[in-house]
Every structure is written in C-alpha cells, then in structure tokens.
Amino acid sequence: MARNEDYGIVAVDIGTSKVAALMFVADDAGRPAVEGYGVVSSEGVKKGIITDVEAAIGAISAAVAKAEDTSGLVARQAVVGIGGRHISSMRSYGMIPLEKGPRRITQDDVDRVVSYAGILRLPEDSALMGIIPRDIIVDGQKGMNRPVGMNAVRIETDAVVITANTQQLEACDTIMKSLRTELAGKYANSICAAEAVLSPEEKEWGAAVVDMGAGTTDISIYSDRSLIRLASVPMGSANITNDIAKVLQVPVNQAEQLKVRFGTARPALVDKDEVIDASTMATGHDASLGCAVSRSELCRVIEARIFEILDRVAAEIDAEGLLGRLPSGIVLTGGGSLMPYLPEFIQENLKVPARVARPSADLGLPKQLDFPQMSAAAGLMRTCLMDRSTAGEATAQKKERHRGRGVKDLLKGLIDLN
Ligand SMILES: Nc1ncnc2c1ncn2[C@@H]1O[C@H](COP(=O)(O)OP(=O)(O)OP(=O)(O)O)[C@@H](O)[C@H]1O
Ligand SMILES: [Mg+2]
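Basis of the calculations
- Residues numbered from 1 in each chain as written.
- Chains lettered and ligands numbered in written order.
- Predicted model: local features only at pLDDT ≥ 70, side-chain atom pairs only at ≥ 80, totals over all residues.
- Heavy atoms only, no water.
- Helix = DSSP H or I, 4+ residues; strand = E, 2+ residues; numbered from the N terminus.
- Buried < 20%, exposed > 50% of the residue type's maximum accessible area, 1.4 Å probe, protein only.
- Contact = heavy atoms within 4.5 Å.
- 1 Å grid on protein atoms, 1.4 Å probe; cavity = no way out; pocket = protein on both sides within 12 Å on 5 of 7 lines; lining within 4 Å.
- Points joined across faces, edges and corners; volume = space filled by probe spheres on them.
- Nonpolar A, V, L, I, M, F, W, Y, C, P; charged D, E, K, R; others polar.
- Phe/Tyr/Trp six-rings, centres within 6.5 Å; stacked < 30°, edge-to-face > 60°.
- Lys NZ or Arg CZ within 6 Å of the ring centre and 35° of its normal.
- Domains from an automatic or database assignment.
- Near = heavy atom within 4 Å.
- Polar contact = N/O pair within 3.5 Å; in protein donor to acceptor, adjacent residues only side chain to side chain.
- Areas by Shrake-Rupley, 256 points an atom, 1.4 Å probe, with all protein chains shown as cover.
- Sits in = over half its atoms within 2 Å of the grid points.

K.L.:
Hey, could you go over the overall build of the chain for me, with residue numbers and the actual values?
P.N.:
When its secondary structure is counted, the chain shows twelve helices and 19 strands. Every one of the 418 residues in the chain was classed for burial, and the buried ones make up 54%. In the chain, 69% of the contacts between residues at least 6 apart in sequence involve partners at least 24 apart.

Laid out in structure tokens, this is it:
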C-alpha cells in the first residue's frame with residue numbers, strides 16, 4: 001500500500017457486483033482529477049445492501065489499496081456511494097424568519113433554512129442522508145438561485161430529503177473506520193449516477209436516470225434543474241443471468257457469458273433457428289453442462305425480465321405523474337444498460353425517449369474506466385465537491401504537485417443551489 005506525503009480523496013462505489021474506488025484530487029476550478037483507481041469484485045453486498053460487514057471490508061480495502069497504489073496517494077478521506085431499496089426520498093419544506101428584518105440574507109441563513117427542511121419524523125430505522133434544496137423562496141418569490149445578499153424578512157425552501165436505513169449507514173461507518181480513512185460523506189448512488197450522466201439541459205427539461213446494476217435498478221427523477229424523487233427496484237442485470245441459468249439449465253457463469261455475448265432485448269430481431277455453441281465457454285466446475293443454446297430462447301428470457309424491471313421503473317416515474325412527461329426521457333446507465341436494443345425497447349414499450357450514457361467527459365475518467373458501470377463512482381466525486389455539508393466535515397489534504405484543494409476550500413463562495 002502506498003505511504004507517502006501526498007493525500008487524496010477516495011470515492012468508493014459499493015456495488016452488488018463490484019467495488020469501484022477512484023482516487024482523486026480537486027483542481028483549482030473545483031473539478032475532480034482522477035489519479036488512480038481500483039475495481040474489484042464485491043463481497044458481502046446483496047441487492048446493494050451490505051449483508052456481511054467483514055466480507056465487505058475485505059473487498060473495499062482491496063479496491064482502496066489498488067487506488068492508492070496506482071495513484072501513489074494515501075486515502076486520507078473517503079466518500080462512499082451506496083444504493084438499494086432502503087434509500088428513499090420525500091419532499092419537504094423549511095422556513096425561517098430573518099430576525100430584525102428586513103436585512104441581507106447570509107449564507108448561514110440559507111444553510112439554516114435548508115437544514116430545517118430536514119426536521120421531519122422519519123420512518124423507524126431510517127436516518128437523514130441528505131437534503132437537496134429544489135428552490136429558495138425569498139419573501140414569497142420563488143426561483144431565487146442566489147439569495148445571499150438580498151434584503152428580506154423571511155426565506156423558505158422546497159427540498160427533497162434523502163433517507164437511508166440506519167444500520168446500512170452505520171455499516172459504512174464501521175467499514176471506513178476499519179480502513180482508517182475518515183468518512184467525509186455518504187451519498188445515494190442514484191444521485192451520483194445522475195451527476196455523471198445528465199447534462200444541465202436534461203436536468204432542466206426533465207429526465208429519469210435509470211442505473212441498472214447487477215442487483216438493483218436505481219432511479220433518480222429530475223425536473224426544473226433539480227431532483228424530484230429517488231427510487232430503487234430490487235432487481236438488476238444479475239436477475240437476468242439467474243433467469244437464463246434456470247430456464248436454459250446452464251451454470252450461472254455460462255449464463256453470464258451468454259447474456260453478455262449473445263443477449264439482446266429484442267428477440268424478434270434474432271434468427272429463430274440460430275443456435276449458440278456454448279461448449280467453449282468457461283463454466284468452472286460444471287464443464288460438462290450446456291452446449292447448444294437457442295439464441296432466440298435466450299433473448300426471450302432476457303426480454304421477459306427486462307419487461308418486469310422496466311414495468312417497475314415506469315411505475316416509479318408514474319408515481320410522480322411524470323411518465324411520458326419528461327422531455328429528455330430515460331437516461332440509462334450502469335452495466336445492465338449495455339444490453340443491446342434496450343433504448344429501443346423502452347421507446348417502444350414506454351413511449352419515452354431513451355439513451356445509454358457513460359460518465360461525462362469532463363469528469364476525466366481514464367479510458368479504461370469509460371463505461372456505464374462507472375457512472376455512480378464518477379458522479380460521486382462531483383457530488384461530494386458540490387455538497388455544502390461535506391464541506392463542514394471534510395478537510396481534504398493538498399497534493400502540492402497538483403495544487404489540489406480540499407472540499408471545504410472549494411465550496412467557499414459557491415452558491416447554495418445545485
Ligand atoms: N455487455 C453487457 N450486456 C449486458 N449486461 C452487462 C454487460 N456488461 C455488464 N453487464 C451486467 O452489468 C452488471 C454489473 O453492472 P454494475 O457494475 O453497474 O453493477 P453494480 O454497481 O455492481 O451493482 P448495483 O448497482 O446493482 O449494486 C452485471 O450484472 C453484468 O452482467
Ligand atoms: Mg451500481
């Protein structure tokens with residue numbers, strides 16, 4: 001493990017199939033610069049939920065160690081992205097009078113009104129994970145993006161509050177403590193994925209980011225430049241693999257290869273007589289199983305599960321009355337989005353535009369990480385650098401060569417919204 005004078009921040013996406021750690025420093029403009037990375041198979045995580053802390057520690061520490069080695073930096077601070085069904089959102093509202101007003105609004109006032117939106121009776125076993133202000137209202141006037149310095153008697157906020165299971169949040173703390181890395185922030189993977197793939201225009205017009213991973217499909221819905229709702233469907237691309245294994249009676253690792261190499265979401269486009277010779281695919285212990293597979297049947301199994309997942313995704317978007325009303329449609333990301341013809345499937349069945357997205361180029365990921373699987377990890381870097389509450393905790397160290405600045409420094413003077 002690298003041990004020297006230079007420190008970085010490590011962004012860790014704890015996924016169901018992989019743990020991705022990106023070591024980065026922030027440049028003077030507040031952009032993350034990736035210095036190294038580690039991606040390893042996940043352990044102790046099921047459907048995005050940490051089920052075995054010890055096993056998770058093993059995988060996460062291996063990913064972080066690789067990120068340290070490849071960067072030559074020490075992970076003094078970490079930010080963690082988690083997903084799964086236990087993460088949810090609710091709309092909230094906060095208001096404060098400005099004592100002895102009218103007077104000028106300070107950043108402190110804005111922070112205070114936003115924090116008031118988090119004063120809620122939460123469901124049992126849930127804890128506050130974040131508050132995202134959608135709007136700041138100054139003396140009844142909506143849409144005040146930069147309220148600091150305005151003269152007013154009261155400010156209000158319309159916000160989205162993110163909550164997560166208390167045990168899961170504690171598990172993250174335990175894991176990072178064992179790694180001797182200061183945990184500077186915990187974020188919902190769905191928000192991070194959206195930060196990596198959505199353009200400002202898509203956020204403004206309205207879009208749903210659908211991060212189809214191995215165990216979960218995380219959804220974040222945006223409109224009017226800001227988050228409206230988070231949701232998660234406890235199914236992902238690994239469910240497709242398991243279906244293939246069961247229906248075609250092949251081992252799971254062979255099913256995975258069949259899915260990735262020959263799968264499509266559109267069986268109608270496949271020659272119904274096409275037969276795949278699966279005998280050459282590595283099958284681990286069960287080498288004698290599964291030789292000739294009908295490609296058409298394979299794709300029908302895939303289509304059925306995709307239909308089920310997308311039906312649930314559509315229901316979550318519809319819960320906000322926004323199905324068919326998001327001009328930028330569905331932006332797919334995560335490993336499951338690599339299934340050929342998935343956007344076409346969505347366009348045909350849900351009647352909404354769809355595209356597959358990788359992390360945006362300005363996040364500067366190295367070429368070997370430029371895949372939809374890395375969206376949540378890449379967006380995690382940006383999310384933490386934009387977060388005012390992280391600024392309160394984090395004191396990221398400098399790497400002189402890069403003149404990198406800590407999270408706190410970077411947020412000085414930034415606006416409170418977005
Ligand atoms: N070319 C491909 N076609 C279809 N599926 C693919 C392809 N490549 C990878 N996948 C699937 O993507 C999944 C992994 O995606 P990803 O890395 O985004 O998941 P994760 O972040 O580990 O899981 P989660 O977000 O659910 O916790 C695996 O199930 C894998 O089979
Ligand atoms: Mg994921």
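Moving on from the model shown.
K.L.:
Go over unusual backbone geometry with me, naming the residues and quoting the values.
P.N.:
Cis peptide bonds are those with omega within 30 degrees of zero, and the linkage from Gly101 to Pro102 qualifies with 0 degrees. Locating Pro102 in the fold gives a position in the loop between strand S7 (88–97) and strand S8 (103–104). A positive phi angle is found at Arg180, which is not glycine, with a value near 55 degrees. One non-glycine residue, Lys351, adopts positive backbone phi at about 55 degrees. On the secondary structure map, Lys351 appears in the loop between helix H9 (342–350) and strand S19 (354–356).

K.L.:
Go over the layout of surface pockets with me, naming the residues and quoting the values.
P.N.:
Quantified by volume, the second largest pocket comes out at close to 850 Å³. Considering the residues around the second largest pocket, the lining is formed by 37 residues, among which Ser17, Gly213, Ala214, Gly215 and Ser237 are closest to the centre. Of all the secondary-structure elements, those providing two or more residues to the lining of the second largest pocket are strand S1 (7–14), helix H6 (237–248), helix H7 (252–262) and helix H10 (375–386). Top element by residues in the lining of the second largest pocket is H6. It accounts for five residues. Residues belonging to the lining of the second largest pocket are distributed by class as follows: eleven nonpolar, 18 polar and eight charged.

K.L.:
Describe the packing of aromatic side chains, with residues and values.
P.N.:
Under the definition given, this model contains one aromatic pair. A centroid spacing of 6.2 Å and a plane angle of 80 degrees characterise the contact between Phe307 and Phe345, whose relative ring orientation is edge-to-face. Residue Phe307 is found in helix H8 (residues 295–318), and its partner Phe345 is found in helix H9; the two are separated by 38 residues along the sequence. The side chain of Arg76 reaches across the aromatic face of Tyr7, ending 3.8 Å from its centre.

K.L.:
Tell me about empty space enclosed by the protein, and please be specific about residues and values.
P.N.:
Applying the stated criterion to the full structure yields three cavities of 30 Å³ or more. Taken as a whole, the largest cavity holds about 50 Å³ of empty space. Lining the largest cavity we find Ile82, Gly83, Gly84, Ile87, Ala188, Asn189, Ser190, Asp218, Leu230, Ala231 and Ser232. Those elements that provide at least two residues to the lining of the largest cavity are helix H4 (189–197) and strand S15 (226–233). Of the residues forming the lining of the largest cavity, the biggest block, three residues, is contributed by S15. Of the residues assigned to the lining of the largest cavity, the class counts are five nonpolar, five polar and one charged. Formed jointly, the lining of the largest cavity draws a minimum of three residues from each of two domains, domain 1 (7–84 + 168–188 + 377–411) and domain 3 (193–235 + 305–356). In this structure, the second largest cavity encloses a volume near 40 Å³. If you go around the second largest cavity, the residues you meet are Ile317, Leu322, Leu323, Gly324, Arg325, Leu326, Gly329, Ile330 and Val352. In the lining of the second largest cavity, the residues fall into six nonpolar, two polar and one charged.

K.L.:
Describe the site of ligand 1, naming the residues involved and giving the relevant values.
P.N.:
Thr16, Ser17, Gly215, Glu256 and Lys259 are the nearest of the 19 residues found near ligand 1. Taking Ala214, its main chain carries an N or O atom lying 3.1 Å from an oxygen atom of ligand 1. Measuring from an oxygen atom of ligand 1, one finds a backbone N or O atom of Thr216 at 2.9 Å. For ligand 1, whose accessible area on its own is 650 Å², the fraction buried by protein is 88%. Cavity membership is defined here by more than half of the atoms lying within 2 Å of grid points; on that basis ligand 1 lies in the second largest pocket. At the level of secondary structure, the elements contributing two or more residues to the shell around ligand 1 comprise H6 and H7. For the shell around ligand 1, the element with the highest residue contribution is H7, accounting for three residues. In the shell around ligand 1, the residues fall into five nonpolar, eleven polar and three charged.

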